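Next come the chains, spelled out residue by residue.
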Amino acid sequence: MTANSDLNVPFLSAAATASAIRAKQVSSVEAVRAYLERIDKLDPTLKAYITVCREEALAAAGRLDSDLAKGGTAGRPLAGVPVAVKDQYQTAGILTTNGSKVYQDFVPTEDATVISRIKQAGGILLGKLNMSELAMGGTEKPPWGTPGNPWYLERTPGESSSGSGVALAAHLCAASMGEDTGGSGRGPASYCGVVGLRPTFTRITRHGMTPMCWFLDAAAPMTKTVEDCALLLGTIAGYDPNDPYTSRRPVPDYTAHLGQGISGLRVGLIRELHETEDVHPEVKGAIEAALEMFRSLGCQVREVSIPLITKAGAIFVGIADTEGAGARDEILRTRPEDLDRASRTRLQSAALVPAKVYNRAAKARVLLRRQMMEVLDQVDILVSATAPYPAPKHTDLTATFENADDVRSRFFVRRSYTGCYPLAALPAISLPGGFTSDNLPIGLQLGARPFAEETLLRAAHAYEQATSWHQRLAPGAQL
């Protein structure tokens with residue numbers, strides 16, 4: 001099969017890639033080779049990948065093309081689509097590092113369920129993506145290199161699903177999987193100008209995904225478009241007997257109603273995350289412009305108040321870091337020298353948190369969820385920025401804290417924007433919402449009720465299609 005010369009495959013969405021392969025405009029092998037060529041040229045600088053599954057991907061693509069020739073790809077929505085995944089997902093026979101030297105020799109014997117479902121849907125595993133150590137964020141010296149933001153290399157691409165955001169923004173894969181404990185999928189989506197979804201807790205299985213914090217972790221589809229996000233979510237969601245926490249609710253066709261419009265939808269701007277000095281002026285302006293767009297699409301827009309949400313970052317750290325330290329007790333006791341200095345310090349500090357502090361955080365979590373659910377009785381969609389400022393420089397993240405206000409600003413404020421949703425077990429999505437005057441992406445975050453992903457995706461898709469932010473090409477994505 002000869003590729004259609006009019007198709008620039010790496011710049012297609014995942015949905016368009018699957019359509020082109022089914023229509024035999026391009027083969028799966030050709031699609032994989034096109035991405036491998038870009039990886040070879042760009043990734044030595046961007047460092048999105050830890051492992052590139054070159055031979056495995058080409059072999060799987062060849063099998064897919066053979067099935068296609070025999071008419072055997074029915075019911076495989078990701079047929080031939082090259083997908084890369086955060087190195088937090090176990091992959092049979094393929095190195096799974098969790099971004100840490102502790103796991104530098106770990107080769108699992110089975111796939112995580114998410115990986116199995118992607119493969120069953122026809123997706124081609126292109127490789128394993130770089131990440132913050134143990135999915136925590138704040139790694140000073142990542143063992144496989146520091147991922148560079150394709151918009152500006154000196155800027156962070158976000159944490160901890162760093163490589164997942166970079167690979168999408170640089171068009172080094174058609175779709176990716178991140179993981180989101182407190183914003184680890186949505187944060188990189190915001191800073192890299194792509195789409196990242198944190199689903200309702202229990203919507204997607206976590207079997208075979210190394211945990212950071214068991215009661216907050218969620219598998220996070222990350223994609224180039226909202227349609228792709230809906231497609232990927234539908235592929236991997238649903239009950240898994242290997243993960244008894246997964247919901248038995250039926251999985252709808254998340255793509256079915258994307259284009260139906262959102263007239264009459266009730267949209268609520270979260271006052272406490274908008275009317276604050278912590279928000280960059282251009283980020284604030286982008287969110288206000290987004291609200292005007294929702295009004296033009298027929299939505300009812302109003303302000304809502306969630307008083308406790310400004311404490312969400314502190315509540316999140318009190319729970320997630322403490323549980324994370326407990327889960328890594330053996331590593332701290334037996335292999336502390338294999339951890340990055342920042343990771344080791346954070347885990348050791350969290351291990352000393354008194355039980356009464358953890359209990360207070362757990363109680364505050366319940367109150368925050370109650371406030372958010374009460375507001376969601378009044379509106380269908382919550383709106384805020386995904387992050388209060390555009391991507392900081394790498395050096396800003398590793399700078400020494402100057403005082404208590406600096407700690408609050410850098411460690412707690414940003415986490416309140418994304419951390420509130422996992423604490424309340426609610427779904428949220430980040431999508432491109434504009435750019436600063438110096439061409440840095442701004443993330444628009446939408447949230448909804450439990451299991452209201454259909455409404456969430458429909459609202460996000462309507463906004464996306466009414467704007468052109470998702471069509472911009474990062475300077476670092478150009479060969």
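Right above here is the structure, for reference.
Summarised in this report is the structure supplied together with it. Owing to the predicted nature of the structure, the values given are computational and were not obtained by experimental measurement.

Another aspect to go through is the overall build of the protein chain. From N to C terminus, the protein chain includes 15 helices and 11 strands. Radius of gyration (C-alpha) of the protein chain: 21 Å, near the 23 Å computed for a compact globule of 479 residues. Across the 479 residues of the protein chain, 59% fall into the buried class. Approximately 18000 Å² of the protein chain is accessible, and the part contributed by carbon and sulfur atoms is 50%. If the 50 positive side-chain charges of the protein chain are averaged to one point and the 51 negative ones to another, these points end up 3 Å apart.

Attention now moves to the packing of aromatic side chains. Scanning the entire structure with this criterion turns up six aromatic pairs. Here phenylalanine 435 and tryptophan 469 contribute two aromatic rings whose centre-to-centre distance is 6.1 Å and whose plane-to-plane angle is 55°, an arrangement assigned as tilted. Of the two residues, phenylalanine 435 sits in strand 10 (residues 428-435) while tryptophan 469 sits in the segment after helix 15 (453-466), which places them 34 residues apart along the sequence. Owing to a relative accessible area of 27%, tryptophan 469 belongs among the partly exposed residues under this scheme. Of the aromatic side chains, those joined through ring pairs into one cluster are Trp151, Phe435 and Trp469. One residue, arginine 206, lies across the ring of tryptophan 214, its end atom 4.2 Å from the ring centre. Cation over ring: arginine 472 sits above phenylalanine 435, and NZ or CZ is 4.2 Å from the ring centre.

Turning our attention to the sheet that holds strand 10. Where strands meet in a sheet, backbone hydrogen bonds hold them as pairs that are either parallel or antiparallel. Within the open sheet, the 11 strands sit side by side as 1-3-2-4-6-5-10-11-9-7-8. Their pairing is mixed. Each edge of the open sheet carries a strand with a single partner, namely strand 1 (49-52) and strand 8 (300-304). Here the average twist between neighbouring strands, direction ignored, is 30°. One ladder, built from five bridges, connects strand 2 (residues 82-86) with strand 3 (residues 124-129); its direction is parallel. Residue valine 83 lies in a different strand from strand 3, and its bridge partner there is leucine 125. The strands touched by helix 15 within the sheet are strand 5 (195-198), strand 9 (381-385), strand 10 and strand 11 (441-447), with strand 10 carrying the most contacts at an inclination of about 10°.

We now examine the packing of helix 9 (residues 312-327) against helix 12 (residues 355-375). Between helix 9 and helix 12, the shortest axis-to-axis distance is 9 Å and the interhelical angle comes to 130°. Between helix 9 and helix 12, the interaxial angle falls into the category oblique. Seen from above, helix 9 lies across helix 12 with left-handed handedness. Along its contact with helix 9, which presents Ala312, Ile315, Gly318, Ile319, Thr322 and Glu323, the element helix 12 presents Tyr358, Ala361, Ala362, Ala364, Arg365 and Leu368.

What counts and how
- Residues numbered from 1 in each chain as written.
- Predicted model: local features only at pLDDT ≥ 70, side-chain atom pairs only at ≥ 80, totals over all residues.
- Heavy atoms only, no water.
- Helix = DSSP H or I, 4+ residues; strand = E, 2+ residues; numbered from the N terminus.
- Rg over C-alpha atoms; globule rule 2.2 N^0.38 Å.
- Buried < 20%, exposed > 50% of the residue type's maximum accessible area, 1.4 Å probe, protein only.
- Areas by Shrake-Rupley, 256 points an atom, 1.4 Å probe, with all protein chains shown as cover.
- Lys, Arg positive; Asp, Glu negative; His and termini not counted.
- Charge placed at Lys NZ, Arg CZ, Asp CG, Glu CD.
- Phe/Tyr/Trp six-rings, centres within 6.5 Å; stacked < 30°, edge-to-face > 60°.
- Lys NZ or Arg CZ within 6 Å of the ring centre and 35° of its normal.
- Pairing = 2+ DSSP bridges.
- Axes fitted to C-alpha atoms, helices over the stretch in contact; angles between N-to-C directions.
- Contact = heavy atoms within 4.5 Å.
- Parallel < 35°, antiparallel > 145°, perpendicular 65-115°, else oblique.
- Left-handed = near helix turned anticlockwise from the far one by under 90°.

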